Amino acid sequence: MPIGWMTLVIAGVLYLAGSNIGSGWVIILTAAMAGGVLLDLVTVWRADRSTLTALTLPATAGTLEPPRAVLTVERRDHGSVLHVADGTDTCRGVVRGPGARLQAVVPAARGHHTDGRVSLRTIGTLGLARLVRTQHHEVDLWVRPSVLAADARIRALLGTSGEDASRARSTGQDEVRGVRGFEPGDPRRSVHWRATARHGALMVRQSEGPRGAHVRVAIAGGTWTPASLDLATTVTASLCSTAARLGHRAELAVDGGVRGWDDVTHHGLAMLPPAAGVPTRPLADVPAEGLRISPAGEGIVVEDPTSPPVHLTDVEEARRWLACA
Amino acid sequence: MARLRLIGAVADVNRTRRPEHDTVLRMRILAAVCTSVVAVVAAGAAPLGESLLVLALLPVGFLWSHRQRESSNFAAKGVISLLAMGALYRFFADIMTIGTVDDARLPLTLMFLEIQVLHAFDLPQRRDLVFTLSSSLALMGLAVATGPGGWLLPVVAVYLVLAGSSLQRYQTSVDAQWLEEATDTASVTTPQAAVQPSAGRWRGARQAAAVALLGALVFVSVPVSADASLGGLPFEFGVGGPAPREGNGRVGGDLPFGESDGEGSLSTDPMEYFGFAERVDPRSVGELSDIPVMSVRTSRPRPIRGVVFDLYVDGVWGRSEEEPDPVQGLPVRIDSVRGPASRSTRVTQTYELLHPTPNLLFTAADPVEVWTAARSVTPWTDGTLTTGVEMSAGTVYSVVSEVDVTPVEVLRRAPFDYASADPDALTRWTTLPPTVPQRVHDLATELALAAPTQTPYAIAESIQAHIGRTVSYSLGADPTPAEEDPADHILFESRQGWCEPIATSMVVMLRSIGIPARFVTGFQPGGRSILSGQYTVRASDAHAWVEVFVPGHGWTTFDPTGATTPVLDPDGPGPQILLLLALGWLRERLPTDPGTWALLVGSLTTLVVGAVVWRRRARRVALRRAGPWAGMLHRLHAEGLSTPDVLTPAETVARAHRSLPHLDADALSVLQRFEEHRRYGSPEDALHAEAEAALARL
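What counts as what
- Residues numbered from 1 in each chain as written.
- Chains lettered and ligands numbered in written order.
- Predicted model: local features only at pLDDT ≥ 70, side-chain atom pairs only at ≥ 80, totals over all residues.
- Helix = DSSP H or I, 4+ residues; strand = E, 2+ residues; numbered from the N terminus.
- Buried ≥ 20, exposed ≤ 12 C-beta atoms within 10 Å, placed from the backbone.
- Contact = placed C-beta atoms within 7 Å.
- pLDDT = per-residue confidence, 0-100.
- Pairing = 2+ DSSP bridges.
- Axes fitted to C-alpha atoms, helices over the stretch in contact; angles between N-to-C directions.
- Core = buried A, V, L, I, M, F, W, Y, C linked by C-beta atoms within 7 Å.
- Nonpolar A, V, L, I, M, F, W, Y, C, P; charged D, E, K, R; others polar.
- Left-handed = near helix turned anticlockwise from the far one by under 90°.
- Expected span 1.5 Å × (residues − 1).
- Parallel < 35°, antiparallel > 145°, perpendicular 65-115°, else oblique.

Peer 1: Can you lay out the overall build of chain B for me, pointing to particular residues and giving the numbers?
Peer 2: Of regular secondary structure, chain B possesses 21 helices and 20 strands. Burial statistics for chain B: of 698 residues in total, 39% are counted as buried. Within chain B, counting contacts between residues at least 6 apart in sequence, those at least 24 apart form 77% of the total.

Shown next, in the form of structure tokens:
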């Protein structure tokens, strides 16, 4: 029983006894106990009303690299204590005094998060009253599948054609499609100085990517469980990102469509249902070509036309398979 | 197998899940428990030797249980359980031998002390410590239930402070456990700007003051009625007049015997009230002091009956010769004398004699059970109770009485029918000597005929009302000459007197017209102590009144003295007496004219509204003078956002954007620009006007 209620019950019993024998002393004791509870109620109410929080989250995070959240709390404490927890009550912190800055790595499921929930529990000076409130913050957090090292697996998949592609990339044989405006994050060497001079603003080359080998990863259609799809998207992102980094042309076939691998495709993997903030629905099937990933219980099966299917049940197995360990 | 499972379950319940390492919490709770033991000793609710032993053992137990907090302690728990059962056995054995209801307090206190000590050796966890703190509250309750004086207040205050600080420390332990149970813990840093070293300096004192203030509010608000019923409005108004009639008597006055300077058989010893003797001469007046005679714990204060007189000879009251047999038992049971039509309620009164008294048992009318250590009471046929033991100071006894609560309307309808009554008994209570002058009989007949209905109760009311109208209460009245009848003298000659001749005149007139009546002496209920709730009966509370026999109902009480004197209500709810006195004082000074009231209320309202408007306006003017930026900071402060001076305008506005998104962002930007210009550039009039407009938009 919470101690506040216990105090009130004891005060009630004492009150009955005291009023029965007409003892002012007992009523004084009762009044002091009720006064303590009242003080805590007022303290908690006032402290909660004056508590302001601001939540800061990074724009993107990985499923295996959860975001680091920063919660700034400003309050008039009035002697109260503030218990702070994330929406899933996984991570907790205690604030005493008028303000604090809490930093923590909070778990976040794959998907797009717009509601950052923070649970606030204000507790009175004597611990006799508490007020629980959930604070909602508008956030814009993308939790994308994490990228694991898959160089060995890509090389194993591509064989000699992979080595040719790497060579082609190292000699800078990209296919230039045109120029576009500079965006933060564009490499400096992609700046097209002549076009920059002509436009009066920084312009960069828009290439179609290296002329390397072709890596295609397909995620099978149907209904997936959250765990199996998280694993599938992690393996897919790892393979496609590594292939692109190694200078190959990576393609993703998922939900009835085929797209080239880029940052937008990576974001798209974050939104494959079932995911946070996305209504659950079955995925449309895709043509069976290249490497195909299908659900198998809580794990996945990776089918490659050149080798026997592989059953992966968790991230560690996936990490080992991608590293050909 | 089932037994093993049971043992396993018991062991699991007693397993120490999270040992409490906080020694400060332990010390504070130990201090609170020791204070409660001190309170028990100081209030005289427990024997000194045993209490000192408890005080010595408590720190040992706390230290031992702190050292053993991480071990299973299973064997010690077993021993403690056995000893606790022994303590319980002793408690029940003691309870079986008690003589009065009040005697249960000592065994109860002893049991709590013993359990407290035993439990001190088994306090590994926080919940155990809290249990100990709770049971110390029971000890404190037992200490204050004895009704100690105001000197205990510092001890109670110390206890409450210690209990409060223990709860504060308890919260620290709760916080630590809450963090321990989390999968992950956030790192918390306190920004320099938020650190206010002076903030907590007076916080403890402020909180204690707040608890005292809130407690006082609760104290004066709780409805505590004298009949122990709960609920209803917390305040009562207009209780300064005569007491509401719960029974049928009007006894309840506060009559100043001690100021008498009359003559007659004057007695100087406060306890030698002549009313408790075998013969009472109403011509006498006592000079009684204010020393307390007894304290009475009861839920319903009633007049305390001492001696009942039946013989009236030559203006002197006496009692018939009688040799009643004592009745024994625990409790001593006495046959109820209430009539079949009477409605009654049982009232328990516990008396503690503070001064030796005659061998009388003072009780409320009509007693049916007496709890006394003597286990023997002698009930007289006139209603007087005596005992063979010495009634010395410190004697405690409890009496359960069947108090008459028949509504007045019912009593007024009871017919003048004494045919079914015992003729001898009727004669006993209606006999008058021939020395009573004829004019007393004539007046009685006249008053009886003037009564609204010809029933005994209505006639008694008529006679009492006549006495109230024509006789005034005075201890300084001329003494009644020895050759004159006291009833005749006060009714026709002096028209002044004290309770004995006033009550005598009523009894004589009632007997004159054939209504059985008797003269009773005793005490008024006394004054109620606000703190202890007990009624302290003083020697000066000695009183005399009348009992009238109403057919079908039994003896009902009348107090003609009360009809002549304004009385205070002894039934006032204890905790609110101070408030009521204050209200009474105020009421005397407040106007009664509605026009004045309207003017007063109107003026006060205008003053308050004017003050509020002026304050707001003054604040607005001050803020306008201070500039738009100060106005914005004031607004942010009102929203609960602190803005330390070290922040730049941009930082302040960024903080406001982040924490108060509902505020107009453009207006904040304008104000930021204005302040930056004011601080770092040249102020512009146009920007000032824009900032003023922006402030108005916020």
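And the narrative resumes.
Peer 1: Describe the overall build of chain A, naming the residues involved and giving the relevant values.
Peer 2: Helix and strand content of chain A: eight helices and 16 strands. Considering chain A as a whole, with its 325 residues, one finds that 44% of them fall into the buried category.

Peer 1: An account of the environment of A:Asp230 is requested, with residue identities and associated values reported.
Peer 2: Residues and elements named next belong to chain A. Following the sequence through the fold, aspartate 230 ends up in helix H6 (residues 226-245). Owing to 24 C-beta atoms within 10 Å, aspartate 230 belongs among the buried residues under this scheme. Taking the C-alpha atoms as reference, aspartate 230 lies 9.3 Å from glycine 299; in sequence the two are 69 residues apart. With near-sequence residues (within four places) excluded, aspartate 230 lies in contact with Thr63 and Arg110.

Peer 1: Please set out the confidence of the model for chain B residue by residue, giving values where relevant.
Peer 2: All names here are of chain B. Confidence along chain B averages 79 in pLDDT terms, with 83% of residues attaining 70 or more. Considering only residues more than four positions removed or in separate chains, one finds that residues 193-197, a stretch of pLDDT under 50, has seven contacts. A low-confidence stretch, residues 566-576 (pLDDT under 50), is modelled with 42 contacts involving residues beyond four sequence positions or located in other chains. For this predicted complex, the interface confidence comes out at an ipTM of 0.75, alongside a pTM of 0.59.

Peer 1: Provide a residue-level description of the sheet that holds strand S7 (residues 111-123) of chain A, including the pertinent values.
Peer 2: Read across the open sheet, the six strands follow the order S2(A)-S8(A)-S7(A)-S4(A)-S5(A)-S1(B); overall the sheet is mixed. Single-partner strands in this sheet number two, and they are strand S2 (60-62) of chain A together with strand S1 (184-185) of chain B. Sheet strands in contact with helix H2 (residues 24-49) of chain A are S7 and strand S8 (130-144) of chain A, and its direction is about 25° off that of S8(A). On top of the sheet, helix H7 (residues 263-270) of chain A reaches S7 and S8 of chain A; it is set at about 140° to S8(A), its chief contact.

Peer 1: Pulling in residues and values, what's your account of the nonpolar core?
Peer 2: A:Val215, A:Cys240, B:Val40 and B:Val144 are the most contacted members of the largest nonpolar core, which has 130 residues in total. When residues of this core are assigned to their parent elements, the largest contribution, 14 residues, is made by H2(A). Contact partners of A:Cys240, with chain neighbours within four places excluded, come to A:Val215, A:Val217, A:Ala250, A:Leu252 and A:Trp261. By size, the runner-up hydrophobic cluster in this structure holds 72 residues, among which are B:Val307, B:Ala444, B:Met509 and B:Trp545.

Peer 1: Let's hear about the environment of A:Val204: which residues, and what values?
Peer 2: All names here are of chain A. Mapped onto the elements of the fold, valine 204 is located in strand S10 (residues 203-210). Taking the C-alpha atoms as reference, valine 204 lies 4.1 Å from valine 191; in sequence the two are 13 residues apart. Those residues in contact with valine 204 that lie beyond four places of it in its chain are Val179, Arg180, Phe182, Asp186, Ser190, Val191 and His192.

Peer 1: Any details on the interface of chain B and chain A? Residues and values, ideally.
Peer 2: Tallying the contact residues gives 56 residues for chain B and 51 residues for chain A. In the side of chain B that touches chain A, the residues fall into 30 nonpolar, 21 polar and five charged. Alignment of strand S5 (residues 91-96) of chain A against S1(B), held across two bridges, turns out to be parallel. Along S1(B), the bridge assignment pairs A:Cys91 with B:Asp184.

Peer 1: How would you explain the environment of A:Thr56 if you had to name every residue and give the values?
Peer 2: All names here are of chain A. Tracing the sequence through the fold places threonine 56 in strand S1 (residues 52-56). For threonine 56 and threonine 72, which are 16 residues apart along the polypeptide, the C-alpha to C-alpha distance reads 8.2 Å. Apart from the residues within four sequence positions on either side, threonine 56 is in contact with Ala69 and Val70.

Peer 1: Explain the confidence of the model for chain A to me, and be specific about the residues and the numbers.
Peer 2: Mean pLDDT for chain A: 85, with 91% of residues reaching 70 or above. Looking over chain A, one finds the lowest element-wise mean pLDDT in helix H4 (residues 160-170) of chain A, namely 53, and the highest in helix H8 (residues 315-322) of chain A, namely 93.

Peer 1: Describe the packing of helix H20 (residues 665-680) of chain B against helix H21 (residues 685-697) of chain B, naming the residues involved and giving the relevant values.
Peer 2: Residues and elements named next belong to chain B. Contact geometry of H20 with H21 gives a least axis separation of 8 Å together with a crossing angle of 145°. H21 is crossed by H20, and the crossing has left-handed handedness. Here Ala667, Val670, Leu671, Arg673, Phe674 and His677 of H20 lie close against H21, whose contacting residues are Leu687, His688, Glu690, Ala691, Ala694, Leu695 and Arg697.

Peer 1: Could you give an account of the sheet that holds strand S16 (residues 307-312) of chain A, with specific residues and numbers?
Peer 2: Residues and elements named next belong to chain A. Read from one edge of the open sheet, six strands run S13-S12-S11-S14-S15-S16, paired in mixed fashion. In this open sheet, the two strands that pair with only one neighbour each are strand S13 (257-260) and S16. With strand direction ignored, the average angle separating the axes of adjacent strands in the sheet is 20°. Both strand S11 (residues 214-219) and strand S12 (residues 249-254) contribute to a ladder of six bridges, which runs parallel.

Peer 1: Give me the pairing of S8(A): which residues, what numbers.
Peer 2: Residues and elements named next belong to chain A. With three bridges connecting them, S2 and S8 associate as parallel partners. Within S8, the residue paired with glycine 62 across the bridge is arginine 144. Both S7 and S8 contribute to a ladder of twelve bridges, which runs antiparallel. The partner of arginine 117 across the bridge, within S8, is histidine 136. Between S7 and S8, which pair antiparallel in sequence order, lie six residues; one of them, glycine 127, sits at a positive phi of approximately 75°.

Peer 1: Tell me about H2(A), residues and numbers included.
Peer 2: Taking 1.5 Å per residue, 26 residues should reach 38 Å; H2(A) reaches 36 Å between its end C-alpha atoms and fits that length. Most of H2(A) sits out of view: 20 of its 26 residues are buried.

Peer 1: Go over the pairing of strand S3 (residues 68-74) of chain A with me, naming the residues and quoting the values.
Peer 2: Remark: a regular strand shows side chains that alternate across the two faces of the sheet. Residue and element names in this part refer to chain A. When S1 meets S3, the two strands line up antiparallel, connected through five bridges. In the strand pairing of S3, leucine 55 is matched with leucine 71. Here S3 pairs with strand S6 (residues 99-105) via seven bridges, running antiparallel. From the neighbouring strand, leucine 71 faces S6, where its bridge partner is leucine 102.

Peer 1: Please give an account of the packing of helix H5 (residues 105-120) of chain B against helix H6 (residues 126-145) of chain B that cites residues and values.
Peer 2: All names here are of chain B. Relative orientation of the contacting elements H5 and H6 amounts to 155°, with a least axis distance of 10 Å. Relative to H6, H5 is oriented roughly antiparallel. Where H5 crosses over H6, the two elements pack in a sense that is left-handed. Between H5, through Arg105, Leu108, Thr109, Phe112, Ile115, Gln116, His119 and Ala120, and H6, the contact on the second element is made entirely by Thr132, Ser135, Ser136, Ala138, Leu139, Leu142 and Ala145.

Peer 1: Account for unusual backbone geometry, with residues named and values stated.
Peer 2: At the junction of A:Pro273 and A:Pro274, the peptide bond is cis and its omega measures out at 0° in the coordinates. Within the fold, A:Pro274 resides in the loop between H7 and strand S14 (291-296). Residue B:Asp366 is bonded to the preceding B:Ala365 through a cis peptide linkage, with omega at -5°. Among the structural elements, B:Asp366 can be located in the loop between strand S9 (344-353) and strand S10 (367-371). Even without a glycine there, the phi angle at A:Asp255 is positive, about 55°. With respect to the element layout, A:Asp255 can be found in the loop between S12 and S13.

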